[in-house]
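Chain by chain, the residues run as shown.
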Amino acid sequence: MNEIARRRTFAIISHPDAGKTTLTEKLLLYGGALHLAGTVTARKNQRATASDWMELEKKRGISISSTVLQFDYNGFRINLLDTPGHRDFSEDTYRVLTAVDAAIMVIDAGKGIEAQTLKLFEVCRRRHIPIFTFMNKMDRPSREPLELIDELEKVLGLKPFPVNWPMGSGKDFRGVYDRLTKQAHMFERTPGGAFRAPVEVSDINDRHIKDKMEPVSYRNFIEEVGMLDLAGTEYSAEEVLAGETTPVFFGSAVNNFGIQLMLDGFVEHSAAPGPRDASIGSISPELPAFSGFIFKIQGNMNPRHRDKVAFVRVCSGKFTRDMNVHHSGTGKTVRLSNSNKLFGQERETVDEAWPGDIVGLVGHQEFQIGDTLTENPAIVFDEIPRFPPECFTFLYNPIPSKFKPFRMGLEQLILEGVVQQFSVKDAPSSTPLLAAVGPLQFEVTQYRLEAEYGVQSKLEPAPWQFVRWLDKEGAALLAGGSVHLGDNVRLGSDPAGNPVIFFPTPWALRYFSDTHKKINLFELAQRGV
Ligand SMILES: Nc1nc2c(ncn2[C@@H]2O[C@H](COP(=O)(O)OP(=O)(O)OP(=O)(O)O)[C@@H](O)[C@H]2O)c(=O)[nH]1
Ligand SMILES: [Mg+2]
């Protein structure tokens, strides 16, 4: 297999708590990248997984930031990205979705499709990314499998193709039946799910299966499989790769049921990196010139190296360490010498990389999210989505002698896109105004400032809920100060210096638009203004 054909780059996405990090850990276990899965225990504060490495993630038992894990499996080079499910961290997840070629959507079988899964799915659909579905937590009381399948079609408009089917559910969940090979896989539970689950593979008519299952579960299982076969839908690779059909796998990540089938099924049915859109049209991965873009920046990943990693998705050509490339952000040529492959918090020098790979570059202060790196300066990727912030707060440093580390820490978090800094016109103090999609991002900012930079910080509420961008004409009209803005409506600028206006309430926003029809308000900064 050539280097591009053997690359598989995908994200695991879903609503919070569906089991993304647990599934990630188990895919690593079955992929041979971990010998022992970090037991994700019921006590949230005891967990230790390869992908939730940040202090606050371990403490809270939730994923806050996406994690890259690269490993080899059966001749494939896999780049797996575990993403946070919480809405407040969705900017990070959306950025990751620009860097992958497929997604595994995890659904809690007891709950079905939840709000955040629906949103993430819509982003995947817009990008035409193939989606694989993992129905997780079948070891718990779950909804009817047929109902779960139906929901994919009704709510997401996505045609489901059940690749495997659960044998029982809840306490009576014994394994899964692979409809493509027509084999039943019965698993045994292992303590804590740290090791691979022992499995027995047999024909569906094997007496053994009947003996091991509760009679009712067995009857339902046989009946459902019969119904699916009768429906006669054939597996269509084309529809899967177009993102119209989703192959569905059932299992239990905690118990390691169905993980091998999910991994093998994904590798077999997903595709190698394809072409990507850029300024000069479609860029084929086969193009000899190296190109890629930065989709994430993360500082202080490893306490031993207090530095900054820029994550690059390679789109074309071959990356080699020490190569000189054009950097779109500065227009300068940069030498990429400190290049790494990533495994959660761990990293290792990498000398070459191919389309599909995620490379971690260290030591470039000038790199920003969205920048293109390439041997052909005509190529510019414009992949990174932007979101209007909905929460605002002032953040100040209560200890004047700590001014320097406070500023340094805040600058790093701003560069990573954890929060954005706006400024308010004629503000009485220089206290930074921070903006974010959700309030948890402020909590992360404060926590990381303390944990990584040793500084305390205090939040002071800001009165605004909305920010809107102005065009040149609008800004000029308002700049004179003769237009009455309204109570607590203020002018300011975004991190790039573009003019904005802040509103305290939806009502104030509406009133302003109604009374100032000549002034255009935009939900996002207009490119090139
Ligand atoms: N019963 C059961 N629990 C599971 C299973 N898979 C995961 N869990 C539990 O579900 C909880 C959430 O799991 P995570 O893997 O952290 O979920 P997540 O989707 O990564 O969550 P966020 O990243 O915070 O959105 C943990 O307590 C897991 O132990 C499963 O198959 N069965
Ligand atoms: Mg997680």
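Please read all numbers here as calculations on a predicted model, not as lab measurements. (Residues numbered from 1 in each chain as written. Chains lettered and ligands numbered in written order. Predicted model: local features only at pLDDT ≥ 70, side-chain atom pairs only at ≥ 80, totals over all residues.)

Caption draft 1: Structural detail: the site of ligand 1. For ligand 1, the set of nearby residues contains 21 residues, the closest of which are Gly 19, Thr 21, Ile 62, Ser 63 and Gly 85. Here the element with the most residues in the shell around ligand 1 is helix 1 (residues 20–30); it accounts for 3 residues. In terms of residue class, the shell around ligand 1 is made up of 7 nonpolar, 9 polar and 5 charged. (Near = placed C-beta within 6 Å. Helix = DSSP H or I, 4+ residues; strand = E, 2+ residues; numbered from the N terminus. Nonpolar A, V, L, I, M, F, W, Y, C, P; charged D, E, K, R; others polar.)

Caption draft 2: Main features of the confidence of the model for the protein. Of all residues in the protein, 97% have pLDDT values of 70 or greater, and the mean over the chain is 92. The low-confidence segment residues 39–46, where pLDDT is below 50, has 12 contacts with residues more than four positions distant or belonging to other chains. (pLDDT = per-residue confidence, 0-100. Contact = placed C-beta atoms within 7 Å.)

Caption draft 3: View of helix 5 (residues 145–156). With 12 residues, helix 5 ought to run about 16 Å at 1.5 Å a step, and its terminal C-alpha atoms sit 16 Å apart, in line with that. Restricting attention to buried positions, one finds in helix 5 the residues Pro 145, Leu 148, Ile 149, Leu 152 and Leu 156. Taken around the axis of helix 5, the buried residues stretch over an arc of 100 degrees, which confines them to a single face. With respect to the buried face of helix 5, the exposed residues turned more than 90 degrees away are Glu 147, Glu 153 and Lys 154. Buried-residue contacts for helix 5 involve helix 4 (115–126), strand 5 (131–136), strand 6 (159–162), strand 7 (164–167), helix 7 (215–231) and strand 11 (245–250). Remark: Gly 157 follows helix 5 within two positions and exhibits a positive phi of approximately 65 degrees. (Expected span 1.5 Å × (residues − 1). Buried ≥ 20, exposed ≤ 12 C-beta atoms within 10 Å, placed from the backbone. Arc of directions from axis to C-beta.)

Caption draft 4: Local environment of the sheet that holds strand 26 (residues 433–436). In spatial order, the strands read 27-24-26-25-29-30-28-31; together these 8 strands make up an open sheet with antiparallel pairing. Edge positions in the sheet fall to strand 27 (458–461) and strand 31 (521–522), since each has one partner strand and no second. Alignment of strand 28 (residues 466–470) against strand 30 (residues 499–503), held across 4 bridges, turns out to be antiparallel. Note that in strand 30 the partner of Arg 468 across the bridge is Ile 501. Docked against the sheet, helix 11 (residues 440–453) engages strand 24 (391–396), strand 26 and strand 27, running at close to 125 degrees with respect to strand 26. (Pairing = 2+ DSSP bridges. Axes fitted to C-alpha atoms, helices over the stretch in contact; angles between N-to-C directions.)

Caption draft 5: Structural detail: the domain arrangement of the protein. Here the protein is partitioned into domain 1 (12–57 + 104–269), domain 2 (276–374) and domain 3 (391–522). On a C-alpha basis, the centres of domain 2 and domain 3 stand 31 Å from each other. Taken together, the 7 residues of domain 2 in the interface contact 5 residues of domain 3. Sorting elements by how many residues they give to the side of domain 2 that touches domain 3 places strand 14 (residues 291–299) first, with 3 residues. For the side of domain 2 that touches domain 3, the per-class residue count stands at 2 nonpolar, 4 polar and 1 charged. (Domains from an automatic or database assignment.)

Caption draft 6: Just the sheet that holds strand 7, in detail. Judged by pairing direction, the sheet is antiparallel, and its 4 strands sit side by side in the order 7-8-9-10 without closing on themselves. The open sheet is flanked by strand 7 and strand 10 (199–203), the only strands paired with a single partner. Direction aside, neighbouring strands of the sheet carry axes that sit 25 degrees apart on average. As judged from the 5 bridges shared by strand 9 (residues 183–187) and strand 10, these two strands associate in the antiparallel manner. Within strand 10, the residue paired with His 185 across the bridge is Val 201.

Caption draft 7: Spatial organisation of the packing of helix 10 (residues 403–415) against helix 11. Between helix 10 and helix 11, whose axes approach to 10 Å, the crossing angle comes to 125 degrees. Put simply, helix 10 runs oblique to helix 11. Between helix 10 and helix 11 lies a crossing whose hand is right-handed. Contacts between helix 10 and helix 11 pair Pro 405, Phe 406, Met 408, Gly 409, Leu 410 and Leu 413 from the former with Thr 445, Arg 448, Leu 449, Glu 452 and Tyr 453 from the latter. The residue inventory of the contact of helix 10 with helix 11, partitioned by class, reads 7 nonpolar, 2 polar and 2 charged. (Parallel < 35°, antiparallel > 145°, perpendicular 65-115°, else oblique. Left-handed = near helix turned anticlockwise from the far one by under 90°.)

Caption draft 8: Region of interest: the packing of helix 1 against helix 9 (residues 259–269). Two elements in contact, helix 1 and helix 9, have axes separated by 9 Å at closest approach and are oriented at 80 degrees. Considering the angle they form, helix 1 stands roughly perpendicular to helix 9. Judged by residue contacts, Lys 26, Leu 27 and Tyr 30 of helix 1 engage Ile 259, Gln 260 and Leu 263 from helix 9.

Caption draft 9: Region of interest: the nonpolar core. Of all hydrophobic cores here, the largest spans 96 residues; its most connected members are Ala 11, Val 100, Ala 103, Ile 104 and Val 312. Looking at which domains feed residues into this core, each of domain 1 (12–57 + 104–269) and domain 2 (276–374) supplies at least three. The residues contacting Ala 11, other than those within four sequence positions of it, are Leu 81, Thr 83, Val 96, Leu 97, Val 100 and Ala 103. In this structure, Val 418, Trp 464, Trp 469 and Leu 470 belong to the second largest nonpolar core, which totals 33 residues. (Core = buried A, V, L, I, M, F, W, Y, C linked by C-beta atoms within 7 Å.)

Caption draft 10: Focus on the environment of Glu 450. Relative to the helices and strands, Glu 450 is located in helix 11. Residue contacts for Glu 450: discarding those within four places in its chain leaves Val 455 and Gln 456.

Caption draft 11: How the structure looks around the pairing of strand 30. A large share of strand 30 lies buried, amounting to 5 of its 5 residues. Burial along strand 30 is two-sided: the face carrying Pro 499, Ile 501 and Phe 503 and the face carrying Val 500 and Phe 502 are both buried. Here 4 bridges tie strand 29 (residues 490–493) to strand 30, and the two strands are oriented antiparallel to one another. Looking across to strand 30, one finds that Leu 491 is bridged to Ile 501.

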